[in-house]
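Inside the fold
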Amino acid sequence: MNLHLADKVILVTGGAKGIGQGIVQVLAAEGAIAVILGRNADDNAATVQEVAQAGGTAHAVTVELSKPEEVERAVAEAAALYGRIDGLVNNAGLNDGVNLEHGSYQRFMESLHSNLVHYYLAAHYALPYLKQSKGAIVNITSKTAETGQGGTSAYAAANGGRNALTREWAVELLPYSIRVNAVIVAECYTPMYDSWIKSMPDGDEKLKEITARIPLEQRMTTATEIANMVAFLLSDVSSHTTGQLIHVDGGYVHLDRAIGAGKQ
């Protein structure tokens, strides 16, 4: 299927690693120009180089997403370079474990800035260009907003906010024909996930336990599978889809996880 993304300019926050990198790679393979917005210049450059070696086009802007003036600058730089912005993927974030019992006001607020506020900032500064192109926004969010996880109050709250903003923006931007959707991730194996598993003394057993509870095929979702849905939602092939929270999770959130464990 041709997603008609050739030469479309798509901003991807946190596009140098993990799910964001997968999104950049898929968009580039579809002929889009993926613009990475991320804080680590070396990681950004490495992903741009990988995309180029695969025959695609990507660009990177080094930016600290928690600072409004830097986000404004980064979006303006991308728009000036390419003359347009056709889509935005809000993806950057970190499950930082700021909990209720041992957390603090300062850490909670810092986490919201790291995981939620920059979603608003990127959309706010990209909006004038998206109005011109009748573009699309896709927010990457997490199951933690719906299932709870324990020990991660700030991240769960941020993802609840991401889900709410998806619906709110879908309504607000109807007059401009800008579609807004979210892709909700459950268990996706990324370098960050790998580090978390390896930090535990029984990491291998924990990984087996988690994957056994994923109903479809008892395996992790891949970054490419997330990215494929994102590309679809950015494309005009999904031209009448907006305000949707779409789970790409092997049935993790809505199907009985006892199925995956073989307990019927």
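Remember, it's a predicted structure, so these values are computed and weren't measured experimentally. Residue indices follow the written sequence of each chain, beginning from 1 at its first position. At least 70 in pLDDT is required for a residue's local features to be given in this predicted model, at least 80 for side-chain atom pairs to be given and counted, and no such filter applies to totals for whole chains, interfaces and linings, which use all residues. Side-chain numbers come from the whole structure's heavy atoms, not from hydrogens or water.

Points about the packing of aromatic side chains
For clarity, the cut-off: Two rings from Phe, Tyr or Trp (for Trp, the six-membered ring) form a pair when their centres are within 6.5 Å of each other. A pair whose planes differ by under 30 degrees is stacked, one over 60 is edge-to-face, and the rest are tilted.
Tallied over the entire structure, the rule returns 1 aromatic pair. Each ring, one from Tyr189 and one from Tyr193, has its centre 5.5 Å from the other, and the planes form 45°; the classification is tilted.

Observations regarding the packing of helix α4 (residues 105-133) against helix α6 (residues 153-172)
Defined as follows: With axes taken as lines fitted to C-alpha atoms, and helix axes fitted only over the stretch in contact, angles between N-to-C directions fall between 0 and 180 degrees. Secondary structure elements are defined from DSSP: runs of H or I of at least 4 residues count as helices, runs of E of at least 2 residues count as strands, and each element is numbered from the N terminus. Each angle receives one of four descriptions, namely roughly parallel if under 35 degrees, roughly antiparallel if over 145, roughly perpendicular if within 65 to 115, and oblique otherwise. Handedness of a crossing is defined here by the sense of rotation of the near helix relative to the far one, left-handed for an anticlockwise turn of less than a right angle and right-handed for a clockwise turn. In this analysis, two residues are considered to be in contact whenever any of their non-hydrogen atoms come within 4.5 Å of each other. For this scheme, ten residues count as nonpolar: Ala, Val, Leu, Ile, Met, Phe, Trp, Tyr, Cys and Pro. Four count as charged, namely Asp, Glu, Lys and Arg, and the remainder, Gly too, count as polar.
Where α4 contacts α6, the two axes come as close as 8 Å, and the packing angle between them is 20°. In this view, α4 runs roughly parallel relative to α6, as classed from their interaxial angle. The handedness of the crossing between α4 and α6 comes out as right-handed. Contacts between α4 and α6 involve Phe108, Ser111, Leu112, Asn115, Leu116, Tyr119, Tyr120 and Ala123 from the former and Ser153, Ala154, Tyr155, Ala157, Ala158, Gly161, Arg162, Leu165 and Trp169 from the latter. Looking at side-chain class alone, the contact of α4 with α6 contains 12 nonpolar, 4 polar and 1 charged residues.

Brief notes about the sheet that holds strand β7 (residues 245-248)
Under the convention used in this document: Each pair of strands is called paired provided DSSP finds at least two bridges between the two strands.
Taken in spatial order, the 7 strands make up an open sheet running β3-β2-β1-β4-β5-β6-β7, and their pairing is parallel. In this open sheet, the two edge strands, each paired with only one partner strand, are β3 (57-62) and β7. Adjacent strand axes in the sheet meet at a mean angle of 20°, parallel and antiparallel pairs treated alike. Sheet topology note: the strand β1 (residues 9-13)/strand β4 (residues 87-90) ladder contains 3 bridges and is parallel. Bridge pairing in β4 links Val12 to Val89. Along the sheet, helix α3 (residues 68-82) makes contact with β1, β2 (33-38) and β3, crossing β3 at roughly 145°. Sheet strands touched by α6: β4, β5 (136-142), β6 (179-185) and β7. Its angle to β5, the strand with the most contacts, is close to 155°.

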